[in-house]
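# Coordinate inspection notes
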Amino acid sequence: MRKNFKAKPILYPQPVFIIASYDENGNADAMNAAWGGIADADKIFMCIGSHKSTENILARRAFTVSMGSAEQVVACDYVGIVSASNEPEKMKKSGFHTTKSEHVDAPLIDELPLALECKLISYDPETGYMFGEIVNISVDERILDENDHILPERLRPIIFDGANASYHVIGEKVGNAFCDGAALK
Ligand SMILES: Cc1cc2nc3c(=O)[nH]c(=O)nc-3n(C[C@H](O)[C@H](O)[C@H](O)COP(=O)(O)O)c2cc1C
């Protein structure tokens, strides 16, 4: 027996993306965003409403997208519930530190080790649909192995559970992609 939950934005996993941008004075801002994902090999899609970050991105035509991590869950939630429009000390209070990206006019968050550096392609204020071009991905060495492979167990990315308003850390490896299904061919 299945139960119907009507039309709601619930799926698993939903990302915890931390979108960072610079305002008109060069101050960094960051927001939490769950509604987004890869849109093409070099493009990312986000659905973002009217926020200070949105203004910043439209002005600078650039942003970075970091993966929220278990280590930084409090700061990741904080930037999603407080706006820089109301709290000028938002970034300081979050505890996040930033460094300017070498590739786009946007900040990287030092505490979050994996970030997509993006140039704005388009934003539609009616729908909130935003597309960005991924021009670089930068990864802190501390989550890489000796062959520069990303170690998810060091990144400890979190997901947003929209049904229960909670965050969960991504768990253990259970299979090999493009491979395990071949057993059923
Ligand atoms: C778990 C979570 C997910 C969120 N997802 C989105 C989203 O996908 N799109 C959006 O526009 N806002 C989303 N928000 C809200 C923004 O992060 C929030 O309004 C933020 O304070 C905006 O900050 P700013 O005004 O400084 O840019 C989310 C917040 C949380 C806590």
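The following paragraphs examine the structure supplied in this document. Only a predicted model underlies this, so the values are computations on that prediction, with no experimental measurement involved.

### Focus on the nonpolar core
Counting residues in each nonpolar core, the largest one holds 35 residues, and the members touching the most others are Ile18, Ile19, Ala20, Ala30, Phe63 and Val65. Sort the elements by how many residues they give to this core and strand β2 (residues 17-22) lands first, with five residues. Once you skip the residues sitting within four places of it in the chain, Ala30 turns out to touch Ile18, Ile19, Ala20, Val79, Met91, Ser94, Phe96 and Ile109.

### Side note on the site of the ligand
The environment of the ligand is formed by 20 residues, the closest being Trp35, His51, Ser53, Gly80 and Ser83. Mapped onto the shell around the ligand, the elements with two or more residues apiece are β3 (28-33), α1 (52-60) and α2 (73-81). No other element matches the four residues that β3 contributes to the shell around the ligand. Tallied by class, residues from the shell around the ligand come to ten nonpolar, seven polar and three charged.

### Quick look at α2
Among all positions of α2, only Ala75, Cys76 and Val79 are buried. The buried residues of α2 occupy an angular sector of 105 degrees when projected down its axis, which confines them to one face. Of the exposed residues in α2, those oriented more than 90 degrees away from the buried face are Val74 and Ile81. Close packing links the buried residues of α2 with β2, β3 and α3 (90-94).

### What about the sheet that holds strand β11 (residues 158-161)?
A sheet is described by the order of its strands in space; here three strands give the open sequence β1-β11-β12, paired in antiparallel fashion. Strands at the two margins of the open sheet, each flanked by one partner only, are β1 (14-15) and β12 (166-169). For β11 and β12, the ladder comprises four bridges, and the chain directions are antiparallel. Pairing of Ile159 across the sheet is with His168, part of β12.

About the thresholds
- Residues numbered from 1 in each chain as written.
- Predicted model: local features only at pLDDT ≥ 70, side-chain atom pairs only at ≥ 80, totals over all residues.
- Core = buried A, V, L, I, M, F, W, Y, C linked by C-beta atoms within 7 Å.
- Buried ≥ 20, exposed ≤ 12 C-beta atoms within 10 Å, placed from the backbone.
- Helix = DSSP H or I, 4+ residues; strand = E, 2+ residues; numbered from the N terminus.
- Contact = placed C-beta atoms within 7 Å.
- Near = placed C-beta within 6 Å.
- Nonpolar A, V, L, I, M, F, W, Y, C, P; charged D, E, K, R; others polar.
- Arc of directions from axis to C-beta.
- Pairing = 2+ DSSP bridges.

By themselves, these are just geometric observations and shouldn't be taken as functional.
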